[in-house]
Amino acid sequence: MASSRAFTIFVLLLIAPFPQFQGQATTILHFKSFSPFSTALETLQKQLGYSFKNIGLLRRAVTHASFSEENNKALSILGANVIEASVSFRSLSKDIDVSSKELNHQLSQISNVESSCAVDGMRLALHKVVRVSPKTNSSVPAVVCSAFRAIFGAVAIDDGKSDAAGDIFWTFHRGRELGNVLPL
Ligand SMILES: *[C@@H]1O[C@H](CO)[C@@H](O)[C@H](O)[C@H]1NC(C)=O
């Protein structure tokens, strides 16, 4: 991170005497240099075991509404539904006689912001990745949780269907419950 900044400064000093190249070089650096944010997006994809065709979707998923108009609010609604569908599907596949009460109980557990969603999100270190306004605390459960859910919405849109998104959620969530350590 610090080294990429140092590299950028180094290149800018190098081209300082050649104003005709500056605009171009700055543009190239902007896309080529590995900013902490783009590195974090790479790490996230590895943790999830999913590679985005459109990385813009993942970028949006980890952008809180306080940061920009282009944010994760709607994606997190889709993500919450993907998660609920995945849990319902698994529960009924395992036991078709599961009661509505039991299923609702499972869904309310999985949907709990503090005890489930934000904990899963912290496990992915989303509080360090999510883009928020300077006044917003990126560690509060609601912020971490919306980014966490939005990631599964983003996977579903990227993949054109929700199956992979549900599977990734399930694998990740179960992994956390079973205490598996993710390769970071
Ligand atoms: C940010 O939120 C977290 C979680 O609620 C809290 O522990 C922390 O103290 C907050 N930080 C600040 C600077 O308010």
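Rules and cut-offs
Within any chain, residue numbers begin from 1 and follow the written order of that chain's sequence. The model is predicted, so local features are restricted to residues of pLDDT at least 70 and side-chain atom pairs to those at 80 or more, both for listing and for counting; the totals for chains, interfaces and linings are taken over all residues. As a convention, hydrogens and water are excluded, and side-chain values are obtained from all of the structure's heavy atoms. Every helix listed is a DSSP run of H or I at least four residues long, and every strand listed is a run of E at least two residues long, numbered separately from the N terminus. Partly exposed describes any residue whose relative accessible area lies between the buried limit of under 20% and the exposed limit of over 50%, with all areas from a 1.4 Å probe on protein chains only and scaled to the type maximum. Contact criterion: two residues are considered in contact whenever any of their non-hydrogen atoms come within 4.5 Å of each other. One confidence number per residue, pLDDT, is output by the predictor and ranges from 0 to 100. The span you would expect from a helix comes to 1.5 Å times its residue count less one. Note that the arc is defined by the directions from the helix axis to the C-beta atoms. Here a residue is considered near a molecule or strand provided that any single heavy atom belonging to it is located within 4 Å of it. Each polar contact in these results corresponds to two N or O atoms within 3.5 Å; when the atoms are within protein, one needs to be able to donate a hydrogen and the other to accept it, and residues that are neighboring in sequence are counted only if both atoms are side-chain atoms. For every accessible area listed, the method is Shrake-Rupley and the probe measures 1.4 Å; residues are considered covered only by the protein chains on display. Criterion for a disulfide: a pair of cysteine sulfur atoms at a distance within 2.5 Å. We define the nonpolar core as a collection of buried residues of types Ala, Val, Leu, Ile, Met, Phe, Trp, Tyr and Cys that are connected through side-chain atoms lying within 4.5 Å of one another.

- In the nomenclature of an unreviewed UniProt entry, the chain corresponds to RNase III domain-containing protein from the organism Lupinus angustifolius.

## Remarks on the overall build of the chain
Argument step 1. Regarding its fold elements, the chain presents 10 helices and zero strands.
Argument step 2. Written out in order from the N terminus, the α and β elements of the chain read α-α-α-α-α-α-α-α-α-α.
Argument step 3. Within the chain, the fraction of its 184 residues that count as buried is 39%.
Argument step 4. Residue pairs in contact within the chain that sit at least 24 positions apart in sequence constitute 63% of those at least 6 positions apart.

## Focus on the confidence of the model for the chain
Argument step 1. Per-residue confidence for the chain averages 86 on the pLDDT scale, and 77% of its residues sit at or above 70.
Argument step 2. In this model residues 7-12 is a low-confidence stretch, pLDDT under 50, and it forms six contacts with partners more than four residues away in sequence or in other chains.

## Re helix α6 (residues 100-111)
Argument step 1. Spanning 12 residues, α6 covers 16 Å between terminal C-alpha atoms, matching the ideal 16 Å at 1.5 Å per step.
Argument step 2. Inspection of α6 places Leu-103, Leu-107 and Ile-110 among the buried residues, and these make up the whole buried set. Down the axis of α6, the buried set is contained in an arc of 65°. They therefore lie on one face.

## Regarding the site of the ligand
Argument step 1. Taken together, the residues surrounding the ligand are Asn-137, Ser-139 and Val-140.
Argument step 2. Between the ligand and Asn-137, the relevant distance is 2.3 Å, taken from an oxygen atom to a side-chain nitrogen or oxygen of the residue.
Argument step 3. Protein burial of the ligand: of its 360 Å² of free accessible surface, 27% is covered by the chains.

## Points about the state of the cysteines
Argument step 1. All chains considered together, the criterion is met by one disulfide.
Argument step 2. Bridging Cys-117 to Cys-145, the disulfide has an S-S length of 2.0 Å. With the S-S bond torsion at 105°, the cross-link from Cys-117 to Cys-145 turns out right-handed. Taken together, the residues span a long stretch of sequence, with Cys-117 in helix α7 (residues 113-123) and Cys-145 in helix α9 (residues 141-159) at a distance of 28 residues. Each member of the pair, Cys-117 as well as Cys-145, carries the same accessibility label: buried.

## Thoughts on the nonpolar core
Argument step 1. Judged by nonpolar contacts, the single largest core of 39 residues is most densely connected at Leu-44, Val-62, Leu-126, Phe-148, Ile-151 and Phe-152.
Argument step 2. Elements supplying a minimum of two residues to this core: α3 (36-48), α4 (55-61), α5 (73-94), α6, α8 (126-129), α9 and α10 (163-177).
Argument step 3. At 11 residues, the largest contribution of residues to this core is made by α9.
Argument step 4. For Phe-152, the residues in contact, after removing those within four places along its chain, are Leu-48, Gly-79, Val-82, Ile-83, Ala-165, Ile-168 and Phe-169.

## Side note on unusual backbone geometry
Argument step 1. Positive phi, close to 60°, is recorded for Ala-125, a residue that is not glycine.
Argument step 2. Among the secondary structure elements, Ala-125 is positioned in the loop between α7 and α8.
Argument step 3. Judged by relative accessible area, Ala-125 falls into the partly exposed class, the value being 23%.

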